[in-house]
Amino acid sequence: MAENNDKIHLMLWKNELGILGRSNYALVSHGLEILRSYRTVDEELAVYPMLSCLALGFEQSCKAVLSLIDKDVSGHWPDVSELKRYGHSLSNLKDRTLEAIHERMSIKKHYMWLDYIYELVSSDISIKPFIDILSDFGSGGRYYSLDLLAGSIHGTDRQGAWPSWENTVENFIQTDPVLKKAFEDIIKSNKLEFEELNLSAHTEIAFRLQRFYDLLIEAGIHDLLGDDGLIWYSYAQGQDKGLSKRMDLYKRQAEKNLPERFHI
């Protein structure tokens, strides 16, 4: 009887892990889809679901990866008190997750295109300001209205988050060579094509955030997250039809940039 109960408990636990993976994918993919569609700054109300999806989706995904690594090392999933110590700061969670993945890469065999993706993500300082905005929103901004009604203010509200996001997008445009040239061309031509420029910028930002999520998925594919990580990633990759194309792109870029290291 006890053995059957253990099997049932394990089955339910693995099923919940799959649900977590599907939830991670749903939140991140929906948030990125909204981000890719933004053309104008006059979408203040629409930013709330984007921030909510991306902040929660990336927070949960990072915690899932850290928990899976912890379980593979220690043999048990972190308890509630341990999970709380992870906190809600996405900025800290991203750094901690990258560090944990890098440590696993140093002791686990893997294809070297994973090194390439890791280097792209870890060296990409352009997404840090956006991660910081999501971090602030996830840490308190998502509760702003409730806190304000209760007589307390914590974090940035959605009305403040959108200008902050747009200011960061403007800075991003000025630091990206392709987008900066497009901006300068618009100014010279006196054509009001800023909506298309914003769309291009949001698409590029979404691509870079997607690359971070791809790294988490690839960590599972490369068995850096243990046996349970294989379950998680199989659900966390969802029905992403573009994943295989992006993986092929990463492989080709890795072969070109890291030819001497492209092996198992």
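Peer 1: So what's going on with the overall build of the protein chain? Which residues, and what values?
Peer 2: Scanning the protein chain for helices and strands turns up twelve helices and zero strands. Its helices and strands taken in sequence order, the protein chain reads α-α-α-α-α-α-α-α-α-α-α-α from the N to the C terminus. A sequence separation of at least 24 residues applies to 74% of the contacts in the protein chain between residues at least 6 apart. For the protein chain, the computed accessible surface area is about 14100 Å², with 54% contributed by carbon and sulfur atoms.

Peer 1: Explain the nonpolar core to me, using residue names and the numbers behind them.
Peer 2: Membership of the largest hydrophobic core comes to 64 residues, with the highest contact counts inside it found for Met50, Ile101, Trp165 and Trp232. For this core, the leading source of residues is helix H2 (residues 47-74), giving twelve residues. When neighbours within four sequence positions are excluded, Trp232 is seen to be in contact with Leu17, Gly21, Asn24, Ser61, Ala64, Val65, Leu68, Leu216, Ile217 and Leu225.

Peer 1: Please set out the packing of aromatic side chains residue by residue, giving values where relevant.
Peer 2: This structure, assessed with the given rule, holds seven aromatic pairs. Ring plane angle 10 degrees and centroid distance 5.4 Å describe the contact between Phe58 and Phe212, whose orientation is recorded as stacked. Separated by 154 residues along the polypeptide, Phe58 in helix H2 and Phe212 in helix H10 (residues 194-221) bring together distant segments of the chain. Residue Phe212 is classed as buried on the basis of its relative accessible area, which comes to 0%. An aromatic cluster is defined as three or more aromatic residues linked by ring pairs; in this entry it consists of Phe58, Phe212 and Tyr213. When the ring centre of Phe212 is taken as origin, the NZ or CZ atom of Lys94, which lies over that ring, is 5.7 Å away. When the ring centre of Trp113 is taken as origin, the NZ or CZ atom of Lys251, which lies over that ring, is 4.4 Å away.

Peer 1: Which residues make up the layout of surface pockets, and what values do they have?
Peer 2: Approximately 260 Å³ is the volume attributed to the largest pocket. Forming the boundary of the largest pocket are Leu66, Ile69, Asp70, Val73, Glu82, Arg85, Tyr86, Arg96, Ala100, Glu103, Arg104 and Ile107. For the lining of the largest pocket, the secondary-structure elements that each account for two or more residues are H2, helix H3 (80-86) and helix H4 (90-105). Of the residues assigned to the lining of the largest pocket, the class counts are six nonpolar, no polar and six charged.

Peer 1: I'd like a rundown of the environment of Asp72, residues and numbers included.
Peer 2: Position of Asp72 relative to the elements: it lies in helix H2. Judged by relative accessible area, which is 35%, Asp72 ranks as partly exposed. Note: C-alpha distance between Asp72 and Leu224 (152 residues apart in sequence) is 9.0 Å. Among all residues touching Asp72, those that are not within four sequence positions of it are Arg104, Lys108, Leu225, Gly226 and Asp227. Of the polar contacts made by the side chain of Asp72, one reaches the side chain of Arg104; its length is 2.3 Å.

Peer 1: How would you summarise the packing of helix H5 (residues 113-123) against H10 if you had to cite specific residues and measurements?
Peer 2: The geometry of H5 relative to H10 is characterised by a closest axis approach of 10 Å and an angle of 145 degrees between their N-to-C directions. Where H5 crosses over H10, the two elements pack in a sense that is left-handed. Facing H5, whose interface residues are Trp113, Leu114, Ile117, Tyr118, Leu120 and Val121, H10 presents Arg211, Phe212, Leu215, Glu218 and Ala219.

Peer 1: Residue-level account of the confidence of the model for the protein chain, with values.
Peer 2: In the predicted model, the protein chain carries a mean pLDDT of 85, and 81% of its residues have values of at least 70. Least confident of the elements in the protein chain is helix H7 (residues 144-149), whose mean pLDDT is 61; most confident is H4, at 96.

Peer 1: With reference to specific residues and values, describe unusual backbone geometry.
Peer 2: One non-glycine residue with positive phi stands out, namely Asp223, at about 65 degrees. When you line up the elements, Asp223 lands in the loop between H10 and helix H11 (227-236).

Peer 1: Please give an account of the environment of Ile186 that cites residues and values.
Peer 2: By the element assignment, Ile186 lies in helix H9 (residues 177-189). On the accessibility criterion, Ile186 (6% relative accessible area) is buried. Along the chain, Ile186 and Leu197 lie eleven residues apart, while their C-alpha atoms are 8.9 Å from each other.

Peer 1: If you had to explain the side chain of Asp124 to someone new, which residues and values would you point to?
Peer 2: The residue Asp124 is located in the loop between H5 and helix H6 (128-139) in this model. Assessed through its relative accessible area of 11%, Asp124 is described here as buried. Looking at Asp124, its side chain comes within polar contact range of the side chain of Ser126, at 2.5 Å. Residue contacts for Asp124: discarding those within four places in its chain leaves Arg208 and Arg211.

What counts and how
- Residues numbered from 1 in each chain as written.
- Predicted model: local features only at pLDDT ≥ 70, side-chain atom pairs only at ≥ 80, totals over all residues.
- Heavy atoms only, no water.
- Helix = DSSP H or I, 4+ residues; strand = E, 2+ residues; numbered from the N terminus.
- Contact = heavy atoms within 4.5 Å.
- Areas by Shrake-Rupley, 256 points an atom, 1.4 Å probe, with all protein chains shown as cover.
- Core = buried A, V, L, I, M, F, W, Y, C linked by side-chain atoms within 4.5 Å.
- Buried < 20%, exposed > 50% of the residue type's maximum accessible area, 1.4 Å probe, protein only.
- Phe/Tyr/Trp six-rings, centres within 6.5 Å; stacked < 30°, edge-to-face > 60°.
- Lys NZ or Arg CZ within 6 Å of the ring centre and 35° of its normal.
- 1 Å grid on protein atoms, 1.4 Å probe; cavity = no way out; pocket = protein on both sides within 12 Å on 5 of 7 lines; lining within 4 Å.
- Points joined across faces, edges and corners; volume = space filled by probe spheres on them.
- Nonpolar A, V, L, I, M, F, W, Y, C, P; charged D, E, K, R; others polar.
- Polar contact = N/O pair within 3.5 Å; in protein donor to acceptor, adjacent residues only side chain to side chain.
- Axes fitted to C-alpha atoms, helices over the stretch in contact; angles between N-to-C directions.
- Left-handed = near helix turned anticlockwise from the far one by under 90°.
- pLDDT = per-residue confidence, 0-100.

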